Amino acid sequence: MYPADTIYFYAQTDDWSEFSNFAPYGVAMDDVWWRTVEHYFQAQKFHDADYRERIRVANKPKDAKALGMTRQIPLRDDWEAIKDGVMLDAVRVKFRTHEAPRELLLSTGESMIVENAPMDSYWGCGPDGNGLNKLGRILMQVRDELRRD
Ligand SMILES: Nc1nc(O)c(N)c(N[C@@H]2O[C@H](COP(=O)(O)O)[C@@H](O)[C@H]2O)n1
């Protein structure tokens, strides 16, 4: 489905791991520091400020993600409508803040970038490769924006 020169990323032990939201590149958003994009993204699901802070101080991105997966704290009503924008904003800040992932992203030319997430057909390509790959698309959009700067 994807061209031969497609760049796949996912685990922190694999090539191109800098593109993952789990990579250790923090972002300043809403006047505070978030250890990773994943911390910020997961926290934005909730109106509950105490719970958002609990996610913000989570040790690892996998802990932030686990906290964000709970449905015991209500999700904000508009989450489905705003989540793509939340992700785009945070990914933009990450690549504008940190030179190493920015240079790596710019080095990818026009290659397709795909989050090779086997269980995620929204942000990644999913188990059959036919997922929406929204995170890969956002990365390619940010790459275009950085080139235009
Ligand atoms: N490393 C990693 N592990 C997973 O299990 C994943 N699903 C992902 N993908 C990332 O998960 C975030 C989306 O979470 P929601 O399902 O919307 O809560 C997003 O950062 C994906 O890139 N990565």
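Numbers given to residues run from 1 along each chain, matching the order in which its sequence is written. Local features are withheld for residues below a pLDDT of 70 in this predicted model, meaning they are given only at 70 or higher, and side-chain atom pairs are given and counted only at 80 or more; totals for whole chains, interfaces and linings count all residues. The side-chain numbers reported here are obtained from all heavy atoms of the structure, hydrogens and water having been left aside.

- Named according to an unreviewed UniProt entry, the chain is NADAR family protein originating from Flavimaribacter sediminis.

**What to know about helix 2 (residues 49-56)**
At step 1: Throughout, exposure labels follow a simple rule: accessible area from a 1.4 Å probe, protein chains only, divided by the maximum for the residue type, with under 20% read as buried, over 50% as exposed, and the rest as partly exposed. A run of DSSP states H or I qualifies as a helix once it reaches four residues; a run of E qualifies as a strand once it reaches two. Both are numbered from the N-terminal end. Residues of helix 2 that are buried: Tyr51, Ile55 and Arg56. Buried positions in helix 2, seen along its axis, are confined to an arc of 150° and lie on one side of it.
At step 2: Where helix 2 is buried, its residues touch strand 3 (32-34), helix 1 (37-43) and helix 3 (61-68).
At step 3: Whenever two N or O atoms come within 3.5 Å, that pair is a polar contact, provided that in protein one can donate a hydrogen and the other can accept it, and provided that, for residues adjacent in sequence, both atoms are side-chain atoms. One side-chain oxygen of the residue at the start of helix 2 lies 3.0 Å from the amide nitrogen of aspartate 50, identifying that residue as aspartate 48. Starting at the helix axis, one direction is taken to each C-beta atom, and the arc is that of these directions. We call two residues contacting when some pair of their heavy atoms lies within 4.5 Å.

**A closer look at helix 3**
At step 1: Those residues of helix 3 lying buried are Pro61, Ala64, Leu67 and Gly68. Seen from one end, helix 3 has its buried residues packed into an arc of 120°, which puts them on one side. Pointing more than 90 degrees away from the buried face of helix 3 are the exposed residues Lys62 and Ala66.
At step 2: In this fold, the buried residues of helix 3 make contact with helix 1 and helix 2.

**Concerning the side chain of arginine 143**
At step 1: As for its placement among the helices and strands, arginine 143 is situated in helix 6 (residues 134-148).
At step 2: The charge count treats Lys and Arg as positive and Asp and Glu as negative. His and the chain ends do not count. The salt bridge definition used is simple: a Lys or Arg side-chain nitrogen within 4 Å of an Asp or Glu carboxyl oxygen. For the buried arginine 143, which has no salt bridge, the nearest side chain bearing the opposite charge is glutamate 110, at an N-O separation of 4.5 Å.
At step 3: With residues near it in sequence (within four places) discarded, arginine 143 still touches Leu105, Leu106, Thr108, Gly109, Glu110, Ser111 and Ile113.

**Describing the packing of helix 2 against helix 3**
If you want to describe how two helices pack, look at the angle between their axes and the distance between the axes.
At step 1: Lines are fitted to the C-alpha atoms to define the axes, a helix being fitted only along its stretch in contact, and any angle between axes, read from their N-to-C directions, falls within 0 to 180 degrees. Two elements in contact, helix 2 and helix 3, have axes whose closest approach is 8 Å; the angle formed by their N-to-C orientations is 155°. On the basis of their axis angle, the class for helix 2 and helix 3 is roughly antiparallel. Mapping the contact onto sequence places Tyr51, Arg54 and Ile55 in helix 2 and Ala64, Leu67 and Gly68 in helix 3.
At step 2: Any residue outside Ala, Val, Leu, Ile, Met, Phe, Trp, Tyr, Cys, Pro, Asp, Glu, Lys and Arg is labelled polar, Gly included; the first ten of those are nonpolar and the last four are charged. Taken together, the residues that form the contact of helix 2 with helix 3 break down as four nonpolar, one polar and one charged. Just so you know how the angles are binned, under 35 degrees is roughly parallel, over 145 roughly antiparallel, 65 to 115 roughly perpendicular, and the rest oblique.

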